[in-house]
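What follows is the residue order along each chain.
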Amino acid sequence: MHDAVKAVSLAAMANAIRALAIDAVEAARSGHPGMPLGMADVATVLFTEFLKFDAADPAWPDRDRFVLSAGHGSMLLYALLHLTGHARPTLEDLRRFRQLHSPCAGHPEATELPGVETTTGPLGQGLATAVGMAIAERHLNAVFGDELVDHRTFVIAGDGCLMEGVSHEAAALAGHLRLGRLVVLFDDNRVTIDGPVALASSEDTAGRFRAAGWHVVACDGHDHAAVRTALHEAIADPRPSLVMCRTVIGFGAPTKAGTAAVHGSPLGPDEAAATKAALGWSAAPFEVPADLRVRWEEAGRRGRPLRLAWEARLAAHPEAEEFRRRLAGRLPPLELVAQARSMATRKASELVLAQVNARLPETIGGSADLTSSNNTRTAGLPLLTRENYGGRYLHYGVREFAMAAAMNGMALHGGIIPYGGTFLVFSDYARPAIRLAALQRLGVIFVLTHDSIGLGEDGPTHQPVEHLMSLRAIPDLVVYRPADAVETAECWALALADRHRPSVLALTRQDVPVLREPGGPNRSAAGAYRLVTAQAPRQVVIAATGSEVAVAVGAARLLEAQDIGCDVVSVPCWERFLETQSEERKAELFPAGLLRVSLEAGVTLGWERIVGSDAVLIGLDRFGASAPGAELFRHFGFTPEAVAARIRAALRRPGSQAEAEGSRRW
């Protein structure tokens, strides 16, 4: 596949990448030139001879995926996309590298530029995300066959990527699943920001990956023939491959090459000019000689016949419409039925998932070694293993971060709705990937159970108190905390329908009563709704989530018995309430002049956004304790009697109504 580009030397083509990277970083007076200069030769061989893509259609479903895990070297990717003839980035885009509204962000962002497969920058996550892409490819290949799904995932990763713990998790998972379509090109330049890698690491990288079940091959990253040979060997091996490309960071820079000085700062005018001279590059800034541009654009068209042949196969394929539906993320009609009985919302979730998995063949579930606790594997759901890529449930092991990142990769690949479970408290381990799911607006579903002190005896190490607020603080992440089986079904329906934002389902370990009859409109869609309407003259409105909604209902009954009218507002989703409801509707639920109360078994920070700054905030602004869940609820005051008593005390205080200043935390 490399005859078309032999006429112009690969070295000259690589220097076009280097020159554009130098020019863009110098123009921005900011950036990371070292990696693009060092990996330009490897990238040139990959893009001209191995990577299956068509620049005219960067969304072609059967393209190879290329992930720049070392996202700080973003100009390598931007230069490659420009040179191969993608519609963007244009030269003007490159000139505006790292500037406001430029698609050429400091680190690659999948939402900004077609051809950027995933947002990278936080080191290691790109590699872990690529593992998810490779899983998706193998799974869809098992479903639809080689005719429609037959591609590879290539990654460029640096020393920092391999130091990050998530790379250990992801590499172990990839080796266990024998993902032979995954090839990681390791930029083995042995330099990090602080200096030589030897300052902080002396591990045997090759031995580590071999121990995880990978094929490993080394090459000189500046010898095109050696890179070519190594890639052929990697592709031929049935295991995932690590290609260790020995390179010089800042290749060509006379005084800075091979040093940390070239990692994250512009070369400076004098060093930039000297580097271009050393490379034999005489073109003006942001100019590429015509012969090089022609050869690069030929490389960008190299995959077009393959794409056209694939489109013909798709058109004739008996499952073409189903394939298109899954890739587009279109859901068939889906009505989820809740069982009207008391149960833990994690169990209610399992019952809903049984319906979901039966009707949506694109779901792939999993858990970070907590399947029986998260209730994420439904009856009859086959395991996805190295022997059966067509399975639909993954045992991720105790690897929360890799699980979340891999699910991001599946969502980015397309054709799959991934969901995965762990305890809510362990979302801390997965948080960086949850954040990137939100940044990329991916329809991933995180099933986080054991959502409060109600989990009981495992104690404060396992009892989340700050986690709901921490997750609600992430923009574009939708956090659901259903109160009962009915709301659980409603929240699952909303999460599945939202294919452009990630969702969290925070679920109880303990049983909760059913507070509503199933059927009718999805009331959780509003984010908050009046569950109980005051019968006596209204004086109080309690807003609550999850298991505390039943406590609020019980407190309201006690208050009503004393002629204190009390509304109860269930708030299963803050984000939907704040985004979708008008100010008039919010004021209707939480009228001025009433005592407004929030009730949630977690930190109270943030509840002012829902109930106002002058409200009574009942929560847990401390860690929990080790005891049975019901005993802890009594101890910390999450009972109808304790809540009603606090409300009565607040009503007796002068200035307790909405005009009072300052919130009251309990």
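Conventions adopted
Residues numbered from 1 in each chain as written. Predicted model: local features only at pLDDT ≥ 70, side-chain atom pairs only at ≥ 80, totals over all residues. Heavy atoms only, no water. Helix = DSSP H or I, 4+ residues; strand = E, 2+ residues; numbered from the N terminus. Rg over C-alpha atoms; globule rule 2.2 N^0.38 Å. Buried < 20%, exposed > 50% of the residue type's maximum accessible area, 1.4 Å probe, protein only. Contact = heavy atoms within 4.5 Å. Areas by Shrake-Rupley, 256 points an atom, 1.4 Å probe, with all protein chains shown as cover. Lys, Arg positive; Asp, Glu negative; His and termini not counted. Charge placed at Lys NZ, Arg CZ, Asp CG, Glu CD. Arc of directions from axis to C-beta. Expected span 1.5 Å × (residues − 1). Bend = angle between axes of the 7 residues up to and from the residue. 1 Å grid on protein atoms, 1.4 Å probe; cavity = no way out; pocket = protein on both sides within 12 Å on 5 of 7 lines; lining within 4 Å. Points joined across faces, edges and corners; volume = space filled by probe spheres on them. Nonpolar A, V, L, I, M, F, W, Y, C, P; charged D, E, K, R; others polar. Pairing = 2+ DSSP bridges. Axes fitted to C-alpha atoms, helices over the stretch in contact; angles between N-to-C directions. Core = buried A, V, L, I, M, F, W, Y, C linked by side-chain atoms within 4.5 Å. Polar contact = N/O pair within 3.5 Å; in protein donor to acceptor, adjacent residues only side chain to side chain. Phe/Tyr/Trp six-rings, centres within 6.5 Å; stacked < 30°, edge-to-face > 60°. Parallel < 35°, antiparallel > 145°, perpendicular 65-115°, else oblique. Left-handed = near helix turned anticlockwise from the far one by under 90°. Salt bridge = Lys/Arg side-chain N within 4 Å of Asp/Glu carboxyl O.

Caption draft 1: Quick look at the overall build of the chain. Along its length, the chain carries 25 helices and 21 strands. Its C-alpha radius of gyration of 28 Å places the chain within 12% of the 26 Å reference for a compact globule of 666 residues. Burial statistics for the chain: of 666 residues in total, 62% are counted as buried. Excluding contacts between residues fewer than 6 apart, the proportion of contacts in the chain whose partners are at least 24 apart in sequence is 78%. About 23600 Å² of surface is accessible on the chain, with carbon and sulfur atoms providing 53% of the total. In the chain, 67 positive and 75 negative side-chain charges are present, and the distance between their average locations comes to 2 Å.

Caption draft 2: Expanded view of helix α10 (residues 269-279). Regarding α10, the residues found buried are Glu271, Ala272, Thr275, Lys276 and Leu279. Projected onto a plane normal to the axis of α10, the buried residues spread over an arc of 135° and lie on a single side. Within α10, the exposed residues directed more than 90 degrees away from the buried face are Pro269, Asp270, Ala277 and Ala278. Residues of α10 that are buried make contact with α1 (10-28). Phi turns positive, to about 75°, at Gly280, one or two residues after α10.

Caption draft 3: Expanded view of helix α17 (residues 427-439). With 13 residues, α17 ought to run about 18 Å at 1.5 Å a step, and its terminal C-alpha atoms sit 17 Å apart, in line with that. Approximately 35° is the largest bend angle found in α17, and it occurs at Ala433. When we look at burial in α17, the residues that qualify are Ser427, Ala430, Ala433, Ile434, Leu436, Ala437 and Ala438. Residues of α17 that are buried in the fold lie against α5 (125-144), α16 (400-413), β11 (417-423), β12 (445-449) and α18 (467-472). Positive backbone phi, at 55°, marks Arg441, one or two positions downstream of α17.

Caption draft 4: Broad picture of the layout of surface pockets. The volume enclosed by the largest pocket comes to roughly 740 Å³. Lining the largest pocket are 31 residues; nearest its centre among them are Leu327, Ala411, Leu412, His413 and Gly414. Of all the elements in the fold, those that place two or more residues in the lining of the largest pocket are α13 (320-328) and α16. A class-by-class count of the residues in the lining of the largest pocket yields 15 nonpolar, 9 polar and 7 charged.

Caption draft 5: A look at the sheet that holds β12. Read from one edge to the other, the open sheet built from 6 strands follows the order β10-β9-β11-β12-β14-β13, with strand pairing classed as parallel. Edge strands, defined here as strands with exactly one partner in the open sheet, are β10 (393-395) and β13 (478-480). Pairwise comparison of adjacent strand axes, ignoring direction, gives a mean angle of 20° for this sheet. Pairing of β11 with β12 involves 5 bridges; the strand directions are parallel. Across the sheet, Gly421 pairs through a bridge with Val447, a residue of β12. Helix-sheet contacts for helix α14 (residues 345-359) involve β9 (363-367), β11, β12 and β14 (503-507), and the interaxial angle to β14 is about 135°.

Caption draft 6: View of the nonpolar core. Core analysis: the biggest nonpolar cluster contains 130 residues, and Met75 and Leu182 have the highest contact counts within it. The element best represented in this core is α1, accounting for 11 residues. Contact partners of Leu182, with chain neighbours within four places excluded, come to Ala130, Val131, Ala134, Thr153, Val155, Ala174, Trp214, Pro240 and Ser241. Counting 35 residues, the second-largest nonpolar core is a separate cluster that includes Ala483, Val540, Ala544 and Ile564.

Caption draft 7: Spatial organisation of the side chain of His467. With respect to the secondary-structure elements, His467 resides in helix α18. For His467, a relative accessible area of 2% translates into the label buried. For His467, the side chain forms a polar contact with the side chain of Asp428, separated by 3.0 Å.

Caption draft 8: Region of the structure containing the packing of aromatic side chains. Enumeration over the complete set of coordinates arrives at 12 aromatic pairs. With a centroid separation of 5.5 Å and 65° between ring planes, the pair formed by Phe47 and Phe53 is classed as edge-to-face. For the pair Phe47 and Phe53, one class covers both residues: buried. Look at Phe577 and Phe590: their rings are 6.1 Å apart centre to centre, the planes differ by 80°, and that puts the pair in the edge-to-face class. Within this pair, whereas Phe577 is found in helix α21 (residues 574-580), its partner Phe590 is found in the loop between α22 (583-589) and β19 (595-599), the two being separated by 13 residues in sequence. A residue is classified by how much of its surface remains accessible, and Phe590, at 8% relative accessible area, is buried. Taken together, the ring pairs connect Phe47, Phe53 and Phe66 into an aromatic cluster.

Caption draft 9: Highlighting the packing of α1 against helix α2 (residues 34-50). At a minimum axis separation of 8 Å, α1 and α2 run at an interaxial angle of 130°. Relative to α2, the element α1 is oriented oblique. The handedness of the crossing between α1 and α2 comes out as right-handed. Across the interface between the two elements, Leu10, Met13, Ala14, Ile17, Arg18, Ala21 and Ile22 of α1 pack against Pro36, Leu37, Ala40, Asp41, Thr44, Val45, Thr48 and Glu49 of α2. Its residues assigned to classes, the contact of α1 with α2 comprises 10 nonpolar, 2 polar and 3 charged.

Caption draft 10: Examining the sheet that holds strand β3 (residues 182-188) more closely. The strand order across the open sheet built from 5 strands is β1-β2-β3-β7-β6, with neighbouring strands paired in parallel fashion. One side of each edge strand has no neighbouring strand; the edge strands of this open sheet are β1 (65-68) and β6 (215-220). Going from strand to strand, the sheet's axes swing by 20° on average, the running direction of each strand aside. Here β6 pairs with strand β7 (residues 241-246) via 6 bridges, running parallel. Among the inter-strand pairings, Val216 is bridged to a residue of β7, identified as Leu242. Taken strand by strand, α2 contacts β1, β2 (153-158), β3 and β7, and its axis lies near 150° from that of β3.

Caption draft 11: Examining the pattern of salt bridges more closely. The full count for this structure, using the stated rule, is 37 salt bridges. In this structure, Glu117 and Arg63 form a salt bridge, with 2.8 Å as the shortest nitrogen-oxygen distance. Taken together, the positions of Glu117 in the loop between α4 (91-95) and α5 and Arg63 in the loop between α2 and β1 put the pair 54 residues apart, joining distant regions of the chain. You'll find Glu117 and Arg63 in the same group, each marked buried. The salt bridge involving Lys586 is made with Glu583; its shortest N-O contact spans 3.3 Å. Of this pair, Lys586 and Glu583 both sit in helix α22, separated by 3 residues, roughly a single helical turn.

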